[in-house]
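The chain contents come next:
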There are 2 protein chains.
Amino acid sequence: MKYRREHQNLRIPGPVPCPTEVIDAQTRPLIDHRGQDFGHMLKNLVERLKRIFLTENDVFILTSSGTGALEASLVNTLSPGDKILAVVTGFFGQRYSDMAKALLIDVEELHFEWGRDIDIGILREALATHPDIKAVLVTHNETSTGVTNDLASISRVVKKEFGKLLLVDAVSSLGSVELKTDDWECDVVAAGSQKGLLTPPGLSVISFSESAWRAYEKSSMPKYYNDLGLFRTFMGIGQTAFTPAISLLYALDKSLELILREGLDSFIDMQREQAFMIRSKVRSLGLGLLAEDRCASHSVTAVKVPENVNADDLVDLLLDEYSIVVGRGQGSLKGKLLRVGHIGKVPEQEIQDLVSALSSALTRI
Amino acid sequence: MKYRREHQNLRIPGPVPCPTEVIDAQTRPLIDHRGQDFGHMLKNLVERLKRIFLTENDVFILTSSGTGALEASLVNTLSPGDKILAVVTGFFGQRYSDMAKALLIDVEELHFEWGRDIDIGILREALATHPDIKAVLVTHNETSTGVTNDLASISRVVKKEFGKLLLVDAVSSLGSVELKTDDWECDVVAAGSQKGLLTPPGLSVISFSESAWRAYEKSSMPKYYNDLGLFRTFMGIGQTAFTPAISLLYALDKSLELILREGLDSFIDMQREQAFMIRSKVRSLGLGLLAEDRCASHSVTAVKVPENVNADDLVDLLLDEYSIVVGRGQGSLKGKLLRVGHIGKVPEQEIQDLVSALSSALTRI
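What you are looking at is a predicted structure, and each value in this text was computed from that prediction instead of being measured.

Asker: Help me understand the overall build of chain A in this model?
Answerer: What chain A contains, in helices and strands, is twelve helices and 13 strands. Against the compact-globule benchmark of 21 Å for 365 residues, chain A has a radius of gyration of 20 Å, which places it among compact chains. Structurally, chain A occupies a C-alpha span of about 60 × 55 × 30 Å along its principal axes. By residue count, 65% of the 365 residues in chain A fall in the buried class. In chain A, the proportion of contacts linking residues at least 24 apart, taken out of those at least 6 apart, comes to 72%. Just so you have it, chain A exposes about 13,100 Å², and 48% of that area is on carbon and sulfur atoms. Between the averaged position of the 40 positive side-chain charges in chain A and that of its 48 negative side-chain charges there is a distance of 1 Å.

Asker: It is not clear to me how the nonpolar core should be interpreted in this structure. Could you clarify?
Answerer: Note on soluble globular proteins: their nonpolar side chains tend to be buried together. Core analysis: the biggest nonpolar cluster contains 130 residues, and Ile61(A), Leu123(A), Ile61(B) and Leu123(B) have the highest contact counts within it. In terms of nonpolar packing, the next biggest core, distinct from the first, is built from 72 residues, Phe60(A), Ile105(A), Ile84(B) and Ala212(B) among them.

Asker: I tried to follow the packing of helix H11 (residues 311-322) of chain A against helix H12 (residues 348-364) of chain A on my own but got confused; where do I start?
Answerer: Each packed pair of helices is defined by two parameters, the angle between the axes and the distance between the axes. Residues and elements named next belong to chain A. The contact between H11 and H12 brings their axes to 10 Å, and the two run at 115°. Comparing the axis directions of H11 and H12 gives the class roughly perpendicular. Note on packing geometry: the crossing formed by H11 with H12 is right-handed. Note on element contacts: H12 touches H11 through Ala357, Leu358, Ser360, Ala361, Leu362 and Arg364, opposite Leu314, Leu317, Leu318, Glu321 and Tyr322. In the contact of H11 with H12, the residues fall into eight nonpolar, one polar and two charged.

Asker: Help me understand the domain arrangement of chain A in this model?
Answerer: How big an interface is tends to be stated in terms of the accessible area lost upon association of its parts. All names here are of chain A. You can read the domains of chain A as domain 1 (11-16 + 263-364) and domain 2 (20-260). Just the C-alpha atoms count here: the centres of domain 1 and domain 2 sit 26 Å apart. Taken together, the contact between domain 1 and domain 2 spans 28 residues of the former and 28 residues of the latter. When the buried surface of domain 1 facing domain 2 is broken down by residue, Leu264, Cys295 and Gln330 rank first, second and third, together holding 24% of it. The interface formed by domain 1 and domain 2 holds two salt bridges in total. Taking the shortest distance from any N to any O, the salt bridge between aspartate 117 and arginine 294 comes out at 3.0 Å. Joining domain 1 to domain 2, the criterion identifies ten residue pairs in polar contact (both at pLDDT 80 or more). Counting residues per element, the ones that place at least two in the side of domain 1 that touches domain 2 are helix H10 (264-283), strand E11 (300-304) and strand E13 (337-341). In terms of residue class, the side of domain 1 that touches domain 2 is made up of 15 nonpolar, ten polar and three charged.

Asker: Mind showing me how you'd approach the relation of the copies chain B and chain A here?
Answerer: Copy one and copy two of the chain differ by a rotation about an axis and a translation along that axis. Between the two copies, chain B and chain A, the superposition gives an RMSD of 0.0 Å; the rotation angle is 180° and the shift along the axis is 0.0 Å. Such values leave the two copies arranged in the relation of a two-fold axis. The position closest to the rotation axis in chain B is occupied by the C-alpha of Ser64(B), lying 2.5 Å away.

Asker: Would you mind going over the packing of aromatic side chains with me for this structure?
Answerer: In this description, an aromatic ring pair is defined by two values, namely the gap between the centres and the angle between the planes. All names here are of chain B. Per the counting criterion, the structure on display carries 16 aromatic pairs over all chains. Ring centres of phenylalanine 91 and phenylalanine 92 lie 5.1 Å apart, and the angle between their planes is 80°; on these two criteria the pair is classed as edge-to-face. For the ring pair phenylalanine 231 and phenylalanine 242, a centre distance of 6.1 Å and an interplane angle of 85° mean the geometry is edge-to-face. With phenylalanine 231 in helix H8 (residues 228-235) and phenylalanine 242 in the loop between H8 and helix H9 (246-262), this pair connects stretches of sequence that are eleven residues apart. A relative accessible area of 9% means that phenylalanine 231 is categorised as buried. The class of phenylalanine 242 is buried, set by a relative accessible area of 6%.

Asker: Help me out: how do you make sense of the pairing of strand E9 (residues 188-192) of chain B in this one?
Answerer: Within a regular beta strand, the side chains point alternately toward one face of the sheet and then the other, so they alternate between its two faces. Residue and element names in this part refer to chain B. Counting buried residues in E9 gives five out of five residues, a clear majority hidden from the surface. With burial as the criterion, each face of E9 is covered, one bearing Val188, Ala190 and Gly192 and the other bearing Val189 and Ala191. Relative to E9, strand E8 (residues 165-169) is paired through three bridges, and the arrangement is parallel. Residue valine 168 lies in a different strand from E9, and its bridge partner there is valine 189. Of the strand pairs in this sheet, E9 and strand E10 (residues 204-208) are connected by five bridges, and their pairing is antiparallel. Counterpart to glycine 192 in the pairing with E10 is serine 204.

Asker: What is the right way to read the interface of chain B and chain A from this model?
Answerer: Taken residue by residue, the interface counts 50 residues in chain B and 50 residues in chain A. In total, about 3,800 Å² of surface goes out of reach between chain B and chain A, with carbon and sulfur atoms giving 66% of it. Taken as a group, Leu30(B), Tyr224(B) and Tyr225(B) account for 17% of the area that chain B buries against chain A, more than any other trio of residues on that side. Applying the counting criterion to the chain B and chain A interface returns zero salt bridges. If you list the elements that add at least two residues to the side of chain B that touches chain A, you get helix H1 (20-25), helix H3 (66-75), helix H4 (91-102) and H9 of chain B. For the side of chain B that touches chain A, the class distribution of residues is 26 nonpolar, 16 polar and eight charged.

Asker: How do you make sense of the sheet that holds strand E3 (residues 83-88) of chain A when you look at a structure like this?
Answerer: Within a sheet, adjacent strands bond to each other through the backbone by hydrogen bonds, running parallel or antiparallel. All names here are of chain A. Taken in spatial order, the seven strands of this open sheet run E2-E10-E9-E8-E5-E3-E4, and their pairing is mixed. This sheet does not close on itself; its edge strands, each paired only once, are strand E2 (58-62) and strand E4 (106-111). Geometrically, the sheet is characterised by an average inter-axis angle of 20° between neighbouring strands, direction not taken into account. Packing against the sheet, helix H5 (residues 120-129) makes contact with E3, E4 and strand E5 (135-139), and its axis sits at approximately 165° to E3.

Asker: For this particular structure, what's the right way to read the sheet that holds strand E12 (residues 324-328) of chain B?
Answerer: Residues and elements named next belong to chain B. Overall, mixed pairing links the four strands, which are arranged E1-E12-E13-E11 in an open sheet. With partners counted over all chains shown, the strands left at the sheet margins are strand E1 (9-11) and strand E11 (300-304), one partner each. The mean angle between the axes of side-by-side strands here comes to 35°, regardless of whether they run parallel or antiparallel. Where E1 meets E12, three bridges bridge the pair, whose relative direction is parallel. What sits directly across from leucine 10, in E12, is valine 325. Strand contacts of helix H11 (residues 311-322): E12 and strand E13 (337-341), with the helix running at about 165° to E12, the strand carrying the most contacts.

Asker: Help me understand the packing of helix H5 (residues 120-129) of chain B against helix H6 (residues 151-161) of chain B in this model?
Answerer: Residues and elements named next belong to chain B. The N-to-C vectors of H5 and H6 enclose an angle of 20°; their axes lie 10 Å apart at closest approach. Taken together, the axes of H5 and H6 are roughly parallel relative to one another. The way H5 lies across H6 gives a crossing that is right-handed. Contacts between H5 and H6 involve Ile120, Leu123, Arg124 and Leu127 from the former and Ser153, Ile154, Val157, Val158 and Glu161 from the latter. Class assignment of the residues belonging to the contact of H5 with H6 gives a composition of six nonpolar, one polar and two charged.

Asker: Where do I start with helix H12 (residues 348-364) of chain B in this structure?
Answerer: Along an α-helix, a turn takes 3.6 residues, which lines up residues three or four apart on a common side. Residues and elements named next belong to chain B. The end-to-end C-alpha distance of H12 is 24 Å, a good match for the 24 Å that 17 residues give at a rise of 1.5 Å each. Here H12 has its buried residues at Glu350, Ile351, Leu354, Val355, Ala357, Leu358 and Ala361. With its buried residues spanning 160° around the axis, H12 presents them on a single face. Residues of H12 that are exposed and point more than 90 degrees away from the buried face comprise Glu348, Gln349 and Thr363. Buried positions along H12 lie against E1, helix H10 (264-283), H11, E12 and E13.

Thresholds applied
Residues numbered from 1 in each chain as written. Chains lettered and ligands numbered in written order. Predicted model: local features only at pLDDT ≥ 70, side-chain atom pairs only at ≥ 80, totals over all residues. Heavy atoms only, no water. Helix = DSSP H or I, 4+ residues; strand = E, 2+ residues; numbered from the N terminus. Rg over C-alpha atoms; globule rule 2.2 N^0.38 Å. Buried < 20%, exposed > 50% of the residue type's maximum accessible area, 1.4 Å probe, protein only. Contact = heavy atoms within 4.5 Å. Areas by Shrake-Rupley, 256 points an atom, 1.4 Å probe, with all protein chains shown as cover. Lys, Arg positive; Asp, Glu negative; His and termini not counted. Charge placed at Lys NZ, Arg CZ, Asp CG, Glu CD. Core = buried A, V, L, I, M, F, W, Y, C linked by side-chain atoms within 4.5 Å. Axes fitted to C-alpha atoms, helices over the stretch in contact; angles between N-to-C directions. Parallel < 35°, antiparallel > 145°, perpendicular 65-115°, else oblique. Left-handed = near helix turned anticlockwise from the far one by under 90°. Nonpolar A, V, L, I, M, F, W, Y, C, P; charged D, E, K, R; others polar. Domains from an automatic or database assignment. Buried area = accessible area lost by both parts, 1.4 Å probe. Salt bridge = Lys/Arg side-chain N within 4 Å of Asp/Glu carboxyl O. Polar contact = N/O pair within 3.5 Å; in protein donor to acceptor, adjacent residues only side chain to side chain. Least-squares fit on C-alpha atoms with pLDDT ≥ 70 in both. Phe/Tyr/Trp six-rings, centres within 6.5 Å; stacked < 30°, edge-to-face > 60°. Pairing = 2+ DSSP bridges. Expected span 1.5 Å × (residues − 1). Arc of directions from axis to C-beta.

Laid out in structure tokens, this is it:
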């Protein structure tokens, strides 16, 4: 995959730089979204997305950011007053929980220190303590801390031991971190276009299991734009329920072609090796990493700064003086770390530029 | 404005063909949506959108199709069980009403024959009969029938006489049909990017009045992705609440530049004259038009076909043999008419091609 060399080195966790062909695909002529050509493209997109999700469940493409798909995971399976368990390991886990609360769902929160992953034993205890829980919300890859939770083990507890609905925020994992939707019995997996799918932001994707459809039948949550029942009906005639973001679908069409041509496995292997290299180079500067190696994300790395440094100043300096854009700490981690996104193949020179800039900036701050 | 000559003459009511510069703007490099450059662009977009809405109300850009903004008009002002009046003059008026019902709102429907516009006297009667109504839903330009409702007169009844919230579906009117949000006291106006804003689909826009904000404070509707309170908070720091569709915002940025450079008034005048010419040319073929001249839309024209002709066959023939894509009849009008979209300046040759193709196709069917 080729990338245009831009004036900025965009190293936030998302949107990620997209391959040149993906960017250019957006300029294809718009077509009738109720016509046959569109229907063929849509079917083809969904079939290939299933190969990314590794699922035979229904998969839908929503015209929204990843948050829209996360909301869809809740409004299509739950009703106001339903009790759920939200496992919070960082800013985005908290946001998923807050979203459920805004939707009048009765949320029990299970907290882990930001930077740690989910402890399976404690999760099991929580589920045993609250037998009335209907669903469990899990953030697969917590973008705010650079931690990937062990979804396979989590699933064994949530699904095999307790038989609860498993709703997964995969916004920053799908496509870049191993995620086996069917093997791990994930009922709903929600993600955005602008991370592992290497597509500009504005689309989200969601997989929906048979159990999720059974929950859908019981859900009394008011919904329309995110009602997956409407999506399913229209998919049956090769259409979307509402006017889709056609130019972004063109981009997704191209990115799926590129990812699957390279092979999902080799793409994910590349992400693993690349993350390892970046962690090792950052460590060689004497900087600490928030996540333990064991659960370190392959898509984003949270870098701790020396105690006397305000990380936000460092982020500003990297932008102003080195044209490198990295993410800031969020929530309780604000000012304490910077976050380097590395989804997609990052040219070695850019990694070297980033490390050199970090090294140089640290001496100036 | 220049348009690329495509292989198809896309004459559906939307998405509309976009100026070449707008299409190409989508390829600008992605930037950090939490950074300053993005903040400047967002502020600038909203300021210019206000000049299209002709409003000083808050205006927000949503990552969704127009339906998302319509849903936002409801979930931010109403609660389940609230009583409203939905005025239905066609397929999209019915859909707006159905959406409200799906959101558990208590909907009183006021129906007019499809192809007619709203009768002000009957509207007044309905409001007098149902004093417990909180809001009135109006489709400004009914895309399914090619009828523009007289929003100025409607507003005088809804706002001045009865003081109800006025929620307007302007998906196919904003930017192409005269719409004075403030002068006509429209509390909420919702539209999509892919029609009068000459931008690819995937964004929607919404204006929200002070009265709407007062209704927001009382709304208990479960919401998150469409919660305009979150949008307002983030606008305060030059951000969107959720990752925005950056490449589509680039396109909107360019289209607003083009529209405002030409001038909204002259753009709307052009639409009026163009619609008049198209109606006149279609009539010269001996075909009838669904809408009376008095309330005929300037963005879409519904053409009646001879009684012995199935309009859908004609639509297929135009596509297969003439590479012209027009819209079909919807709902109860299916098979009875075809719909020609004419938002944006349509090259005279394309209009002539369409008329010639229609003339030729009618002899073959």
